[in-house]
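# A closer look at the structure
Read off the chains here:
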Amino acid sequence: MLQQDLQNELDKTFNEISEGTRSYEPGVIIQETGMVSGISQGIVTVTGLPGAGFEELLKFKRNVFGLAFNLDEKEIGVVLLGEDNQMKAGDEVERTGRVMDIPVGNDFIGRVISPLGEPLDGKGPIAFISRLPIESAAPAIMDRAPVTVPLQTGIKVVDALVPIGRGQRELILGDRQTGKTAIAIDAIVNQQNKNVICIYCAIGQRASSVAKVADRLNKSGAMLYTIVMVTEGNNAAGLQYIAPYAATTMGEYFMKQGRDVLIVYDDLSLHARAYRELSLLLRRPPGREAYPGDIFYLHARLLERATHLNDQNGGGSLTALPIVETEAQDISAYIPTNLISITDGQIYLSPKLFALGVLPAVDVGKSVSRVGGKAQLPVYRKVSGNLKLNYAQFEELETFARFGTRLDDSARKIMDYGKRIRLCFKQPELQPVPVTVQIVLLLALTNDLFANIELEDMRKAEELLTATVQQFPEALQVRLAATEMIKDADKETILSAVKKAFSTLQQLPEQKAT
């Protein structure tokens, strides 16, 4: 009986195998394989891939990838995303059938990575949720919401006179070594406990510069909510080209989850140089297809992805702070002009103010936020008054005063007031000022409480004001940051407290001398 059952089972299995063999139809997988025909610095010429698409990812030996950039009739110009030291003519090239993408996920927060999503901090591999293409269409107009929520930078002159909103694109520009990166890093540091994910994208920077930035972020605790994406100056031009797009995709992942994201591109001048290098090596004609003409399209399609989504799409935001370097204070040069027209305002850093020790060296006259007061806490508009106009008048008069021009009493008052405004806006790096302190400082300025303070005592006066604000009742501090108008009772309380604090500095000259 057992033998009969075994025989029946064998017959059944044989019949199933026979049936499967008769119904099997072998599939055909078409795989295109090309060949490297030429190699130059960061560029490879490939033949034999007629089906390759524009910006398709191609795979070379030793796990090196490249982007199909030039699709000519007989060959393809490929931008390498890695080193070409061991590559030689005749090597095989495979199509991947996909565009360039990057892994995304929450585990990237707090890490230093490359534009390919590879860890650079020696802390081991990073788990990711999915892969997203680095190029994507900007959100449609109907998917966007107005920019109304402020992104506090903690920098007094920016928050008061050139406010930035969540979802805004604010350009930071100035000559070399004027503190552009410092403005962006201070903005990142100030997002602590504000539920904002920050991304710092270093494009073609020196390794020492990036290490200093990472160290500042670590020491201030900002790496807990920050992703640092790095390409160094000795990296392939292709990596520098894709870096800002990869960083933006990383930010969009969080934005679509309803999170607020701040991204810094440092800087797009070096990004333009990397693209110029690629254009020259690929021998593209300098028009709409290459640098310099095409650079507007490159940066426009990048920065248009920064926005504030409406509630139906999660309500997240992506705020962009692109940095660009000017030469000889020429903000009307080609690339700065392009970026000014793309962004919603600019913060211009003056080398003259930097040389005078006025830090941050923000030139209020040339800086503007085209979103303006809509992206500012309402109370700022009530306490700042005509501060920007008064400061601009002071700068004009200061120019005349340097030539020994005699000033009347009203002009001298403007000069004295302007000097105190400038000193109040001076601020050390990595020392963000809370909203309540900023509001009380502006209130004291517009009510001439600093008028009797000697210029050399201004720093001490500001320290006294900060200490006074910290002693305010918590309810008063909450009202200061949240209400549209300061109640008369609160205003009197604030001004009397500040006057009392300043009374120790407002002594007679002979008393101070003794």
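Up top is the structure these notes are about.
## A word on the overall build of the protein
Across its full length, the protein holds 17 helices and 16 strands. For 514 residues, the compact-globule estimate of 2.2 N^0.38 gives 24 Å, and the protein exceeds it by more than 25% at 30 Å. Looking at the protein as a whole, 51% of its 514 residues qualify as buried. Across the protein, every contact between residues at least 6 apart in sequence was considered, and the portion connecting residues at least 24 apart equals 73%.

## Side note on the sheet that holds strand β4 (residues 65–71)
One closed barrel accounts for six strands, arranged β1-β2-β5-β4-β3-β6; its pairing is antiparallel. Between one strand and the next, the sheet's axes are offset by a mean angle of 45°, whatever the strand orientation. Here strand β3 (residues 56–59) pairs with strand β6 (residues 92–99) via three bridges, running antiparallel. Along β6, the bridge assignment pairs glutamate 56 with valine 99.

## What to know about unusual backbone geometry
The linkage connecting tyrosine 291 with the following residue, proline 292, adopts the cis geometry, with an omega of 5°. Residue placement: proline 292 occurs in the loop between α6 (268–281) and α7 (295–303). Cis peptide bonds are those with omega within 30 degrees of zero, and the linkage from leucine 359 to proline 360 qualifies with 0°. Here proline 360 lies in the loop between α9 (351–355) and β16 (368–369). With a phi close to 60°, glutamine 177 is a non-glycine residue in the positive phi region. With respect to the secondary-structure elements, glutamine 177 resides in the loop between β10 (171–174) and α3 (180–189). The phi dihedral of alanine 328 is positive, around 55°, even though this residue is not glycine. Tracing the chain through its elements places alanine 328 in the loop between β14 (317–325) and α8 (334–342).

## Description of the environment of glycine 48
Relative to the helices and strands, glycine 48 is located in the loop between β2 (43–47) and β3. Its relative accessible area of 45% is what places glycine 48 among the partly exposed residues. Glycine 48 sits 14 residues away from glycine 34 along the chain, and the two C-alpha atoms are 4.3 Å apart. Ignoring any residue separated from it by four or fewer positions in sequence, one finds glycine 48 in contact with Thr33 and Gly34.

## Re the pairing of β3
In the case of a regular strand, side chains alternate between the two sheet surfaces. Of the pairings in the sheet, the one linking β3 to β4 comprises three bridges and is antiparallel in character. Bridge pairing in β4 links leucine 58 to glycine 66. In sequence, β3 turns back onto β4 through a hairpin of five residues, with arginine 62 there showing a positive phi of about 60°.

## Quick notes on helix α13 (residues 435–446)
With twelve residues, α13 extends 17 Å from end C-alpha to end C-alpha; this agrees with the ideal 16 Å at 1.5 Å per step. The buried fraction of α13 is high, at eleven of twelve residues. Among the residues of α13, Val435, Thr436, Val437, Gln438, Ile439, Val440, Leu441, Leu442, Leu443, Ala444 and Leu445 are the ones counted as buried. Just past α13, the residue aspartate 448 takes up positive phi, approximately 60°.

## Let's talk about the nonpolar core
Membership of the largest hydrophobic core comes to 77 residues, with the highest contact counts inside it found for Ile188, Leu217, Phe450 and Leu465. Element by element, the count of residues in this core is highest for α13, at nine residues. Formed by 57 residues, the second largest nonpolar core is a distinct cluster that contains Phe254, Tyr275, Ala300 and Leu302.

## Some remarks on the side chain of glutamate 252
Here glutamate 252 shows up in helix α5 (residues 237–255). Here the side chain of glutamate 252 touches serine 136 through a polar contact of 3.1 Å, side chain to side chain. Non-local contacts of glutamate 252, meaning those with residues more than four positions away in its chain, are made with Ser136, Arg305 and Leu318.

## Brief notes about the packing of aromatic side chains
According to the stated counting rule, one finds eight aromatic pairs in the structure shown. Considering the side-chain rings of tyrosine 253 and phenylalanine 254, the 5.2 Å spacing of their centres and the 75° angle between planes classify their relative orientation as edge-to-face. Owing to a relative accessible area of 0%, phenylalanine 254 belongs among the buried residues under this scheme. Ring centres 5.1 Å apart and planes at 50° place the aromatic pair phenylalanine 450 and phenylalanine 502 in the tilted group. A residue pair is termed long-range when its members are at least 10 positions apart, and phenylalanine 450 in the loop between α13 and α14 (458–470) and phenylalanine 502 in helix α16 (residues 488–502) qualify at 52 residues. Grouping residues by exposure puts phenylalanine 450 and phenylalanine 502 together as buried. Every member of this aromatic cluster is reached through a ring pair, and the members are Phe54, Phe69, Tyr241, Tyr245 and Tyr275.

## Concerning the pairing of strand β7 (residues 101–104)
Residues of β7 alternate between two faces, with Asp101 and Pro103 on one and Ile102 and Val104 on the opposite face, all of them buried. As paired elements, β7 and strand β9 (residues 130–133) share four bridges and run antiparallel to each other. Each residue of the ladder has a partner; that of proline 103, found in β9, is arginine 131.

## Points about the sheet that holds strand β15 (residues 345–349)
Pairing is mixed in the open sheet, where eight strands are placed in the order β8-β12-β11-β13-β14-β10-β15-β16. Of all strands in the sheet, those bounded by a partner on one side alone are β8 (112–113) and β16. As judged from the six bridges shared by strand β13 (residues 260–266) and β14, these two strands associate in the parallel manner. Within β14, the position partnered with leucine 262 by the bridge is threonine 319. Sitting on the sheet, α3 touches β10, β11 (196–205), β12 (226–232), β13, β14 and β15, and the angle it makes with β14 is about 160°.

Calculation criteria
- Residues numbered from 1 in each chain as written.
- Predicted model: local features only at pLDDT ≥ 70, side-chain atom pairs only at ≥ 80, totals over all residues.
- Heavy atoms only, no water.
- Helix = DSSP H or I, 4+ residues; strand = E, 2+ residues; numbered from the N terminus.
- Rg over C-alpha atoms; globule rule 2.2 N^0.38 Å.
- Buried < 20%, exposed > 50% of the residue type's maximum accessible area, 1.4 Å probe, protein only.
- Contact = heavy atoms within 4.5 Å.
- Pairing = 2+ DSSP bridges.
- Axes fitted to C-alpha atoms, helices over the stretch in contact; angles between N-to-C directions.
- Expected span 1.5 Å × (residues − 1).
- Core = buried A, V, L, I, M, F, W, Y, C linked by side-chain atoms within 4.5 Å.
- Polar contact = N/O pair within 3.5 Å; in protein donor to acceptor, adjacent residues only side chain to side chain.
- Phe/Tyr/Trp six-rings, centres within 6.5 Å; stacked < 30°, edge-to-face > 60°.

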